[in-house]
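# Structural description and commentary
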Amino acid sequence: MLNITNLHAAVDDKPILKGLSLSVNAGEVHAIMGPNGAGKSTLGYVLGGREGYEVTDGTVTFDGKDLLDMAADERAAAGLFLGFQYPVEIPGVSNVQFLRTAMNAQRRARGEVEISAGDFLRLSRAQADALGISMDMMKRPVNVGFSGGEKKRNEMVQMGILDPKLAVLDETDSGLDIDALRVVGEGINRIMRKPDKAVLLITHYQRLLDIVQPDFVHVLAGGRIVRSGGPELAHELEREGYGAIAA
Ligand code: ADP
Ligand code: MG
Ligand code: MG
């Protein structure tokens, strides 16, 4: 599904990703761990096509297509979802407006008809219920005044409605209490643990990986994947830290 080969990327002419390679197949969950400043968020931004992140070498294909050649909205329409460490607030635009607009943009780009108001309401109610978000909250401006935990649960509502093929989730567990972590982790499993979907889960903590169990764990350090393994690698990192592996 996703094939990253020898990816180099720079921000403000500063090289950050330095030859990163990674392959993700449908049905797989890959955890990306690594020290602060390693380039984990940069990888997410580059995959999402954020401005200012310049790819200087390497290739990325998504379902066989050149991802780097696609505009950010084309990537979303192709089924890529990004959940960021710090979800943005959008004053003046309600959650439901935002989601309906995003969903219809995706449908138009795919040559599909727009969703009806009734179907959208049913869908958003079901997803919001599953994540413990009230419909009152769905009518409030996107993330404005939401707590950290509410923002992350709201992000899972967005993911459930947009129903992506590949989700790249950057520190979705940061700032969550134990109960919210469970709700969010189970949300990821419910929405994304399917044979035709895949997840890149950027995290520092085993506690999320206890709920969303990864098939592969990678250590990103110095802009590259320096080690890959199974779930046991996350336990090893938790015990021994990155020092021994990523130095
Ligand atoms: P991680 O998510 O692994 O903690 P990041 O991808 O956020 O790491 O950052 C990797 C490196 O890139 C860090 O040294 C950071 O300071 C630098 N960096 C990230 N964004 C910018 C930016 N906009 N301008 C300059 N340097 C940046
Ligand atoms: Mg960081
Ligand atoms: Mg980061």
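Our structure is the block above this text.
Okay, so let's go over this structure. (Residues numbered from 1 in each chain as written. Chains lettered and ligands numbered in written order. Predicted model: local features only at pLDDT ≥ 70, side-chain atom pairs only at ≥ 80, totals over all residues. Heavy atoms only, no water.)

### A closer look at the packing of aromatic side chains
We apply this condition: For this analysis, a ring pair means two rings from Phe, Tyr or Trp (six-membered ring only for Trp) whose centres lie within 6.5 Å, classed as stacked if their planes differ by under 30 degrees, edge-to-face if by over 60, and tilted for the remaining angles. Definition used: whenever NZ (Lys) or CZ (Arg) falls within 6 Å of the ring centre and also within 35 degrees of the ring normal, the charge is taken to sit over that ring.
The final tally for this structure, using the stated rule, is one aromatic pair. For the ring pair Y45 and Y53, a centre distance of 5.1 Å and an interplane angle of 45 degrees mean the geometry is tilted. Positioned above the aromatic ring of Y205 is the side chain of R207, whose terminal nitrogen or guanidinium carbon lies 4.9 Å from the ring centre.

### Remarks on the nonpolar core
Note the threshold: What makes a nonpolar core is a set of buried Ala, Val, Leu, Ile, Met, Phe, Trp, Tyr and Cys residues whose side-chain atoms join them at distances within 4.5 Å. Relative accessibility thresholds used throughout: buried, under 20% of the residue-type maximum; exposed, over 50%; partly exposed, between the two (1.4 Å probe, protein chains only). The secondary structure listing takes helices from DSSP runs of H or I that are at least 4 residues long and strands from runs of E that are at least 2 residues long, numbered from the N terminus. Contacts between residues were defined by any pair of non-hydrogen atoms, one from each residue, lying within 4.5 Å.
Grouped together as the largest cluster of nonpolar side chains are 43 residues, with contacts concentrated most on M138, M159, L169, I188 and L201. The element that contributes the greatest number of residues to this core is helix α7 (residues 178–192), accounting for six residues. Setting aside residues no more than four positions away along its own chain, M138 makes contact with S94, N95, V96, L99, S124, A128, I133, N154 and V157. Core analysis: the next-biggest nonpolar cluster, separate from the first, contains 27 residues, L7, V46, F62 and M70 among them.

### Some points on the layout of surface pockets
What counts here: Buriedness for pockets is judged along seven lines, at least five of which must meet protein on both sides within 12 Å for an open set on the 1 Å grid over protein atoms alone, while cavities are sets there where a 1.4 Å probe fits but cannot get out, and lining residues have an atom within 4 Å of a point. Grid points are joined across faces, edges and corners, and a volume is the space filled by probe spheres set on the points. Under the scheme applied, nonpolar residues are Ala, Val, Leu, Ile, Met, Phe, Trp, Tyr, Cys and Pro; charged residues are Asp, Glu, Lys and Arg; polar residues are all the others, including Gly.
Looking at the largest pocket, its volume works out to about 940 Å³. Taken together, 30 residues make up the lining of the largest pocket; nearest its centre are A76, F81, L82, F84 and F98. Contributing elements (two or more residues each) for the lining of the largest pocket: α1 (40–48), α2 (72–77), β6 (80–83), α3 (95–109) and α6 (148–162). Among the elements that take part in the lining of the largest pocket, α2 stands out by supplying six residues, more than any other. Split into classes, the residues belonging to the lining of the largest pocket amount to 19 nonpolar, six polar and five charged.

### Section: a negative patch on the surface
Note the cut-off: Each patch is assembled from residues with relative accessible area greater than 30% and no salt bridge, linking like charges that lie within 9 Å and nonpolar side chains (Val, Leu, Ile, Met, Phe, Trp, Tyr) that lie within 5 Å. The Shrake-Rupley method, run with a 1.4 Å probe, gives the accessible areas here. Residue values count only the displayed protein chains as cover. Definition used for salt bridges: Asp or Glu carboxyl oxygen within 4 Å of a side-chain nitrogen of Lys or Arg. For the purpose of counting charges, residues Lys and Arg are taken to be positive, whereas Asp and Glu are taken to be negative. His and the chain ends are not included. Taken as the charge centre is NZ of Lys, CZ of Arg, CG of Asp or CD of Glu, depending on the residue.
On the surface, D66, D69, D73 and E74 cluster together to form a negatively charged patch. Mapping D66 onto the fold places it in strand β5 (residues 65–66).

### Remarks on the pairing of strand β10 (residues 198–202)
The condition that has to hold: Any two strands are treated as partners once DSSP identifies two or more bridges connecting them.
Of all five residues in β10, five are buried; the element is thus mostly enclosed. Here strand β3 (residues 29–33) runs beside β10; their pairing, made up of four bridges, is parallel. The residue bridging I32 from the neighbouring strand is I202, located in β10. The pairing of strand β9 (residues 166–170) with β10 spans five bridges and is parallel.

### Here we look at the environment of A128
Relative to the helices and strands, A128 is located in helix α4 (residues 117–130). Look at A128 and you get buried, because its relative accessible area is 0%. With ten residues separating them in the primary sequence, A128 and M138 have C-alpha atoms 7.7 Å apart. Not counting the four nearest positions on each side in its chain, A128 is found in contact with I133, M135, M138 and V157.

### Examining the environment of S174
Examined against the element boundaries, S174 turns out to sit in the loop between β9 and α7. C-alpha separation for the pair S174 and L220, spaced 46 residues apart in sequence, amounts to 18 Å.

### Concerning the packing of α3 against α4
Operational definition: Lines fitted to C-alpha atoms define the axes here, with helix axes fitted over just the stretch in contact, and angles between the N-to-C directions of these axes take values from 0 to 180 degrees. A clockwise turn of the near helix away from the far one marks a right-handed crossing, whereas an anticlockwise turn of less than a right angle marks a left-handed crossing.
Running from N to C, α3 and α4 point in directions that differ by 115 degrees, and their axes come no closer than 11 Å. By crossing handedness, the relation of α3 to α4 is classed as right-handed. Facing V96, L99, R100 and M103 of α3, the residues of α4 in contact are A117, F120, L123 and S124. A breakdown of the residues in the contact of α3 with α4 according to their chemical character gives six nonpolar, one polar and one charged.

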